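Analysis of the macromolecular model
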Amino acid sequence: MTTIHPLRILALASSLGISTVALAEVSLPAVFSDHMVLQRDLPVPVWGTANPGESVTVRFADRMASTVAGADGAWRVTLDPLAASSDPRALIVEGTNRVEIDDVLVGEVWICGGQSNMEWTVDGSSDPAAEKATADRPTLRLIKAPHITAN
């Protein structure tokens, strides 16, 4: 069986006038997701990647900021501080494509860390059924970061 080297494929595509440049869409890291909370009363950083030199615009509520992705494709903007709001809104990022993060609130953001007890779930409580039945906190949001340990 004959294997064609990838460089030969690129050379053939180039000679036929076929573009071999892959376009990188505007993207955000996983911390930006539906149902997130932005910190109130502080500048709001938003960052991601795109094609080098691509214009990127971020919109949320009545705020807007634009930038151009650097040579490495990285971009970052900072939105002016926002007042707390439990009204769900969309965070929109546009470049050659559009990314929409839905149901975003503005309020308190707490970062917690600790040992295994920080991962205690409601199912581990003394009466999980009662806890779940009485839970009524629709504006409480949680993100669980992956475990990263030092080498």
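Our subject is the structure listed above.
Residues numbered from 1 in each chain as written. Predicted model: local features only at pLDDT ≥ 70, side-chain atom pairs only at ≥ 80, totals over all residues. Heavy atoms only, no water.

**Considerations on the overall build of the chain**
To keep things clear, this is the line we draw: Numbering of helices and strands runs from the N terminus; a helix is a DSSP stretch of H or I covering at least four residues, while a strand is a stretch of E covering at least two. Summary of the burial criterion: residues with accessible area below 20% of their type's maximum are buried, those above 50% are exposed, and those between are partly exposed, where the area comes from a 1.4 Å probe applied to protein chains only. Contacts are residue-level and defined by heavy atoms, with any inter-residue pair within 4.5 Å sufficient.
Counting its secondary structure elements, the chain contains two helices and seven strands. Starting at the N terminus and ending at the C terminus, the chain contains elements arranged as α-β-β-β-β-β-β-β-α. Within the span of the chain, comprising 151 residues, buried residues form 23% of the whole. Intrachain contacts of the chain at a sequence separation of at least 6 include 55% that bridge at least 24 residues.

**Notes on the pairing of strand β3 (residues 55-60)**
To keep things clear, this is the line we draw: Whether two strands pair depends on DSSP finding at least two bridges between them.
Note: β3 against strand β4 (residues 63-68), six bridges, orientation antiparallel. Of the residues in β4, the one forming a bridge with Thr 57 is Ser 66. In this structure, the hairpin formed by β3 and β4 is closed by a connection of two residues, where Ala 61 is found at a positive phi of approximately 55°. As defined by bridge partners, β3 adjoins strand β6 (residues 85-94) across four bridges and the pair is classed as antiparallel. The partner of Val 58 across the bridge, within β6, is Val 93.

**Observations regarding the nonpolar core**
As a reminder, the rule being used: Put simply, a nonpolar core is a bunch of buried Ala, Val, Leu, Ile, Met, Phe, Trp, Tyr and Cys residues held in one set by side-chain atoms that sit within 4.5 Å of each other.
Among the nonpolar cores identified, the biggest contains 23 residues, and Val 46 and Trp 75 are the most heavily contacted of them. Within the residue set of this core, elements represented by two or more residues are β2 (44-49), β3, β5 (74-79), β6 and β7 (98-107). The dominant element in this core, judged by the number of residues it contributes, is β7, at four residues. Among residues more than four places away in sequence, those in contact with Val 46 are Leu 28, Phe 32, Val 58, Trp 75, Arg 76, Val 77 and Leu 79.

**Looking at the packing of aromatic side chains**
Between two aromatic rings, the relevant description is the distance of the centres plus the angle of the planes. This is how it is decided: Only centres within 6.5 Å qualify two rings of Phe, Tyr or Trp (six-membered ring in Trp) as a pair; their planes then separate them into stacked at under 30 degrees, edge-to-face at over 60, and tilted for everything else.
In the structure shown here, the tally under the stated rule is one aromatic pair. Aromatic pair Phe 32 and Trp 47: ring centres 4.9 Å apart, planes at 75°, arrangement edge-to-face. Linking Phe 32 in the loop between α1 (6-15) and β1 (37-39) with Trp 47 in strand β2, this pair joins segments that are 15 residues apart in sequence. Phe 32 gets classed as buried once you look at its relative accessible area, which sits at 8%. Residue Trp 47 is classed as partly exposed on the basis of its relative accessible area of 34%.

**A word on the layout of surface pockets**
The following threshold applies: Grid points spaced at 1 Å and placed over the protein atoms alone form the basis of the search, with a cavity being a set where a 1.4 Å probe fits but cannot get out and a pocket an open set showing protein on both sides within 12 Å along at least five of seven lines. Lining residues have an atom within 4 Å of a point. Grid points are joined across faces, edges and corners, and a volume is the space filled by probe spheres set on the points. Polarity classes work like this: nonpolar for Ala, Val, Leu, Ile, Met, Phe, Trp, Tyr, Cys and Pro, charged for Asp, Glu, Lys and Arg, and polar for all others, with Gly in that last group.
Looking at the largest pocket, its volume works out to about 1,900 Å³. Together, 44 residues line the largest pocket, and Trp 110, Arg 141, Leu 142, Ile 143 and Lys 144 are the ones closest to its centre. Mapped by element, the contributors of at least two residues to the lining of the largest pocket are β1, β2, β7 and α2 (128-134). Grouping the amino acids of the lining of the largest pocket by side-chain chemistry returns 26 nonpolar, 10 polar and eight charged.

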